[in-house]
There are 2 protein chains.
Amino acid sequence: MAAEPVWSVDPRTGKAREQVAVEASAEEIDQAVRAAHGARAALADRTARAALLRAAADLLDAAAEHVIEAADAETALGPTRLTGELARTTGQLRLFADAVDEGSFLDVRIDRPDQDRTPPWPDLRRMKIPLGVVAVYAASNFPLAFSVPGGDTASALAAGCPVVVKAHPYHPATSELCASLLRRAAAEVGLPEDVVVLVHGFDAGVELIRHPLVAAAGFTGSVEGGRALHDAAAARPVPIPFHGELGSLNPVVVTAAAAEERGADIGAGLAASMTLGEGQFCTKPGFVLAPSGEAGDRLVSALTDAVSETEPGVMLSQRMRGAFLTATYELAILPGVTAPVHPGPGGPYTVNAGFLAIDARTLLEEGYRTPLMECFGPVTMVVRYASREEVTSVLALVPGSLTATLQAAEEDPEAASLLAELAPLAGRVLVNGWPTGVAVAPAQHHGGPYPATTSTSTSVGTTAVERWLRPITYQSTPDHLLPPELRDDNPLGLPRRES
Amino acid sequence: MAAEPVWSVDPRTGKAREQVAVEASAEEIDQAVRAAHGARAALADRTARAALLRAAADLLDAAAEHVIEAADAETALGPTRLTGELARTTGQLRLFADAVDEGSFLDVRIDRPDQDRTPPWPDLRRMKIPLGVVAVYAASNFPLAFSVPGGDTASALAAGCPVVVKAHPYHPATSELCASLLRRAAAEVGLPEDVVVLVHGFDAGVELIRHPLVAAAGFTGSVEGGRALHDAAAARPVPIPFHGELGSLNPVVVTAAAAEERGADIGAGLAASMTLGEGQFCTKPGFVLAPSGEAGDRLVSALTDAVSETEPGVMLSQRMRGAFLTATYELAILPGVTAPVHPGPGGPYTVNAGFLAIDARTLLEEGYRTPLMECFGPVTMVVRYASREEVTSVLALVPGSLTATLQAAEEDPEAASLLAELAPLAGRVLVNGWPTGVAVAPAQHHGGPYPATTSTSTSVGTTAVERWLRPITYQSTPDHLLPPELRDDNPLGLPRRES
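Here is what the cut-offs are and how they apply
Residues numbered from 1 in each chain as written. Chains lettered and ligands numbered in written order. Predicted model: local features only at pLDDT ≥ 70, side-chain atom pairs only at ≥ 80, totals over all residues. Helix = DSSP H or I, 4+ residues; strand = E, 2+ residues; numbered from the N terminus. Rg over C-alpha atoms; globule rule 2.2 N^0.38 Å. Buried ≥ 20, exposed ≤ 12 C-beta atoms within 10 Å, placed from the backbone. Contact = placed C-beta atoms within 7 Å. Nonpolar A, V, L, I, M, F, W, Y, C, P; charged D, E, K, R; others polar. Least-squares fit on C-alpha atoms with pLDDT ≥ 70 in both. Pairing = 2+ DSSP bridges. Right-handed = clockwise from strand over helix to strand, strands pointing away. Core = buried A, V, L, I, M, F, W, Y, C linked by C-beta atoms within 7 Å. Axes fitted to C-alpha atoms, helices over the stretch in contact; angles between N-to-C directions. Arc of directions from axis to C-beta.

Would you mind showing me how to read the overall build of chain A here?
Broken down by element type, chain A carries 15 helices and 20 strands. Taking 499 residues into account, the globule formula puts the C-alpha radius of gyration at 23 Å, and chain A, at 24 Å, falls close to it. Judged by the C-alpha coordinates and their principal axes, chain A covers about 75 × 65 × 40 Å. By residue count, 60% of the 499 residues in chain A fall in the buried class. Residue pairs at least 24 apart in sequence account for 75% of intrachain contacts in chain A once pairs closer than 6 positions are excluded.

What am I meant to see in the interface of chain B and chain A here?
The extent of an interface is frequently quoted as the accessible surface area lost upon association of the parts. Of the residues lining the interface, 55 residues belong to chain B; the matching set on chain A comes to 55 residues. Where the side of chain B that touches chain A is concerned, the elements lending two or more residues are helix H5 (79-102), strand E3 (108-111), strand E4 (124-130), helix H9 (223-235), helix H15 (415-422), strand E18 (426-431) and strand E19 (469-475) of chain B. In terms of residues, the side of chain B that touches chain A owes the most to one element, E19 of chain B, which gives 6 residues. Its residues assigned to classes, the side of chain B that touches chain A shows 28 nonpolar, 17 polar and 10 charged.

Would you explain the relation of the copies chain B and chain A in this entry?
Comparison of the two chain copies shows a relationship of rotation about an axis with a shift along it. Mapping chain B onto chain A calls for a screw motion: a turn of 180° about the axis and a shift of 0.0 Å along it, with 0.0 Å RMSD after fitting. Taken together, the rotation and translation describe the operation of a two-fold axis. Identified as the residue of chain B closest to the rotation axis by C-alpha distance is Ala234 of chain B, at 3.2 Å. Interface overlap between copies is the fraction of interface residues in one copy that are interface residues in the other; for chain B against chain A it reaches 100%, indicating a shared surface.

Would you take a moment to explain the pairing of strand E17 (residues 401-407) of chain A for this structure?
The two faces of a sheet get side chains in turn, since along a regular strand they alternate between them. Residues and elements named next belong to chain A. Here E17 lies mainly inside the structure; 7 of its 7 residues are buried. With 3 bridges joining them, strand E10 (residues 251-254) and E17 adopt parallel strand pairing. Looking across to E17, one finds that Val254 is bridged to Gln407. Viewed along the sheet, the connection from E17 through helix H15 (residues 415-422) into strand E18 (residues 426-431) turns out right-handed.

Just to check I follow, could you spell out the environment of Glu466 of chain B for this structure?
All names here are of chain B. Relative to the helices and strands, Glu466 resides in the loop between E18 and E19. When the C-alpha atoms of Glu466 and Val394 are compared, they prove to be 35 Å apart, with 72 residues separating the residues in sequence. Apart from residues no more than four positions distant in its own chain, Glu466 is found in contact with Phe105 and Ser457.

Explanation requested: the nonpolar core in the structure shown.
Across soluble globular proteins, nonpolar side chains show a tendency to be buried alongside one another. Within the largest apolar cluster, 335 residues are counted, with the highest numbers of intra-cluster contacts made by Leu53 and Ala217 of chain A together with Leu53 and Ala217 of chain B. Top element by residues in this core is helix H3 (residues 46-62) of chain B. It accounts for 9 residues. The contact partners of Ala217 of chain B, leaving out residues within four places of it in the chain, are Val134, Ala135, Tyr137, Ile209, Leu229, Ala233, Ile240, Phe242 and His243 of chain B.

What should I look at first to understand the sheet that holds strand E5 (residues 133-137) of chain B in this one?
Note: strands within a sheet are paired through backbone hydrogen bonds, in either parallel or antiparallel orientation. Residues and elements named next belong to chain B. Strand order in the open sheet formed by 5 strands is E7-E6-E5-E8-E9, and the pairing between neighbours is parallel. With one partner strand each, in any of the chains shown, strand E7 (196-199) and strand E9 (242-245) form the two edges of the open sheet. Adjacent strand axes in the sheet meet at a mean angle of 15° when their direction is disregarded. In the sheet, strand E6 (residues 163-166) pairs with E7 via 4 bridges, with the strands oriented parallel. For Val163, the partnering residue across the bridge sits in E7 and is Val196. Most of the contacts of helix H1 (residues 26-38) go to E7, to which it runs at about 170°, and overall it touches E5, E6, E7 and strand E8 (214-220).

Just checking my understanding: could you explain H15 of chain A for this structure?
Every α-helical turn comprises 3.6 residues, leaving residues that sit three or four positions apart pointing alike. All names here are of chain A. Along H15, the residues that are buried comprise Ala415, Leu418, Leu419 and Leu422. Down the axis, H15 shows its buried residues gathered within 100° of arc, on one side only. Along H15, the residues that are exposed and aim more than 90 degrees away from the buried face are Ala416, Ser417 and Ala420. Those residues of H15 that are buried lie in contact with E10, E17 and E18.

For this particular structure, what's the right way to read the sheet that holds strand E15 (residues 354-359) of chain A?
Strand order in the open sheet formed by 11 strands is E12(A)-E15(A)-E16(A)-E11(A)-E10(A)-E17(A)-E18(A)-E19(B)-E4(B)-E3(B)-E20(B), and the pairing between neighbours is mixed. Edge strands, defined here as strands with exactly one partner in the open sheet, are strand E12 (338-341) of chain A together with strand E20 (496-498) of chain B. On average, each strand axis in the sheet is inclined to that of its neighbour by 20°, with strand direction left out of account. With 3 bridges joining them, E3 of chain B and E4 of chain B adopt antiparallel strand pairing. By the bridge assignment, Asp111 of chain B is partnered in E4 of chain B with Leu124 of chain B. Contacts from helix H14 (residues 388-395) of chain A reach E10, strand E11 (287-291) and strand E16 (379-385) of chain A, with the element oriented near 140° to E16 of chain A.

Take a look at the structure:
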């Protein structure tokens with residue numbers, strides 16, 4: 001059987017641009033994983049890891065024009081957004097390099113012997129070590145920051161884990177270009193190129209999660225695909241950690257007082273956030289509880305004006321465009337759902353942004369489920385509530401999300417209780433902001449209750465490195481046999497907790 | 001259908017002592033979980049949690065005589081061991097109380113706004129919050145320290161999670177007694193008693209892992225039972241973290257130089273460790289690589305002497321005794337396996353300790369698998385090797401373990417390379433010690449590659465609390481709406497990292 005070709009497709013025309021590669025066979029997946037596995041020992045050197053991350057950032061920056069052109073040709077995200085995404089990606093690589101140098105993620109703990117404890121404490125020294133080869137499943141919507149050179153790869157390399165990246169089929173050429181730059185960075189700093197290996201193909205992705213030498217996986221994508229890989233990871237003879245980001249509704253609650261104070265501003269802000277990047281962010285606010293009545297009407301009116309003025313846009317692929325049109329159609333025909341601005345087709349390759357509305361009472365009485373599921377693309381669902389109790393009843397139906405947002409007034413009697421209801425639903429809670437735009441920072445958390453993520457970890461921010469490590473404790477081990485990280489004289493100058 | 005009775009059985013006679021309870025029905029499991037779930041809000045108070053843990057320790061200590069008597073009657077572990085186990089258990093509760101007070105497990109991180117970052121940093125404040133109700137599956141071999149008042153319960157309560165404990169059928173009366181003390185402790189400090197709920201029954205345990213309000217689980221037991229529960233946790237509509245400790249071979253490597261230097265001492269030390277508590281420790285050294293030749297013979301000779309002198313002992317149950325006799329019989333009949341001291345039946349309710357031996361070459365050539373599986377009870381497998389290469393070949397077959405031990409000489413050319421081969425196999429590595437005896441300490445790690453544990457976490461030591469928490473980040477949230485842990489003036493005086 002001939003290998004399936006992998007095409008780079010222009011979403012602006014729906015036409016194939018070039019054949020980039022072929023899908024990997026089971027044998028090629030085995031070779032890819034073994035190659036990465038062979039690079040493990042070299043990655044144990046923290047100095048080399050930090051150098052690799054910085055060299056990768058430098059090479060990506062130096063190739064910026066080429067990278068952005070390649071990504072734009074395959075994703076239609078445009079040079080402005082992609083310039084920002086590349087800066088975010090290289091900044092992320094450098095942030096992890098700093099984290100590797102600083103070393104607190106190794107979580108070194110040392111307990112001195114203590115005979116007075118029950119049972120007695122021997123000499124115990126604990127640190128974290130890399131798990132092994134990490135499988136990274138690239139995202140459709142971030143060809144750089146959540147793909148080949150993205151956060152999963154950067155954090156895995158920072159942890160000392162080689163990666164096998166399964167390219168996303170929407171940007172195979174960009175993936176090849178980025179992988180070649182990462183591999184060149186490895187060679188430049190004296191590491192094996194196989195610290196990063198790229199593969200293509202749907203079946204290849206399934207094969208990858210089952211490979212005995214794969215020790216963990218990171219995924220950003222749909223609930224359907226992510227759940228299948230999660231289940232395969234759990235069903236292995238030796239189960240492995242699967243850190244998947246699957247889907248997120250990102251609820252927003254606008255209090256009555258907030259709508260009163262600045263309803264029009266909130267409507268305009270919501271329009272900007274939900275249409276950003278053609279609504280193709282996992283943090284897009286997709287479900288908005290707004291009060292009924294005049295103040296809420298002002299919000300809806302401003303939202304209507306702003307969304308109506310949004311130019312038609314190109315989605316990441318024709319398939320995604322088709323899914324958006326189908327899903328919004330199915331939402332709009334539900335009895336009780338209105339479409340103040342109807343989302344739908346623009347030209348043959350574009351879509352028009354829109355939004356839908358429903359009364360909370362109708363939603364609750366009809367027991368609709370689809371308005372509570374993520375719909376990828378430039379659309380949101382506005383749920384008009386008549387009472388505080390309705391907000392609580394609706395929030396009880398909302399699944400786990402990456403974010404939850406409260407729009408409150410300066411002095412707002414409902415703010416504290418609503419925030420307490422939103423916190424259990426999400427990994428990041430915002431007040432008077434919008435959830436799109438995720439800072440890469442030590443205190444960031446990009447994760448949330450299922451289906452937002454399949455684990456309690458984050459895929460953005462320096463703590464993302466924790467996903468690829470496990471602890472090991474050395475007991476009563478002579479100093480000269482200890483890893484340098486744990487030796488008495490702390491030759492690497494690492495932060496440590498001592499008891 | 002009448003509920004199945006739960007009997008307390010005396011392992012010294014095989015006779016039922018009394019009916020303690022009945023197995024919980026599906027409806028009763030639902031009630032138990034809902035009751036625990038209702039206690040969540042009260043546990044949010046960290047001061048109350050610390051007080052609960054200390055009150056529980058005090059009540060257990062005050063009832064020591066009664067608790068030890070109850071546990072001995074059901075487990076035959078004897079008052080000396082159980083006195084130590086109770087001290088360990090109450091010490092563990094108090095250590096977690098101290099950890100709750102100190103608060104570093106909340107991992108508070110604060111990033112100040114920074115417009116110069118790409119993308120810009122807003123005000124981000126991150127901490128960890130409890131997951132919700134934790135299901136705890138008690139262990140057979142530690143009626144206190146890994147059961148109702150044990151490490152899973154203590155760490156879950158420390159995290160702010162109510163627990164539903166599924167009692168182990170080998171010590172239901174001890175479980176009832178301990179649960180009543182924990183519940184009384186809750187009442188004493190003004191918390192709802194349902195922060196700890198006890199249930200019995202095999203089917204009840206399966207029902208429990210599937211309950212929608214159960215947010216995570218901790219388990220200590222067999223590979224068979226643990227894997228079934230792991231799979232059920234992963235297959236839920238909303239998968240949950242399952243922290244299971246399933247089984248461990250605990251390999252030991254004795255270098256040629258170590259055998260030369262102190263072969264007899266090592267043999268005696270091994271005998272003491274493998275027969276401790278009738279070999280019913282998850283950290284029992286079950287697989288020992290010793291050199292062939294005279295020095296190794298001295299080790300085996302000392303092991304033979306010491307194991308031969310071991311008195312027959314009562315195992316935790318007749319069923320466990322039966323499994324031990326069957327497994328050791330099946331090992332002993334393998335061609336090439338010898339039994340220098342034959343493990344087997346003592347009296348009708350006891351077993352004799354023993355050990356088996358095989359040449360590394362035979363093990364490798366025959367491809368035997370059973371010598372590489374944990375055998376619960378007072379037995380170990382001594383593998384005699386003729387070369388350093390054979391050690392590497394055998395270690396490549398050893399599954400993940402809680403511990404791995406190196407016995408090396410003072411100056412030992414093989415020590416460093418062997419330690420490097422042992423570290424990937426285990427969560428705790430020891431040099432010139434024995435793995436039984438697990439200190440409850442900040443730098444402890446009691447976990448290891450599968451099947452030792454199903455996650456990268458520990459079930460012993462203060463970091464065990466991390467299993468029951470998830471991060472949450474507050475973005476751009478006015479100070480008065482933040483949880484006190486994250487407020488600017490740090491009213492709780494918590495340790496925090498600021499960027």
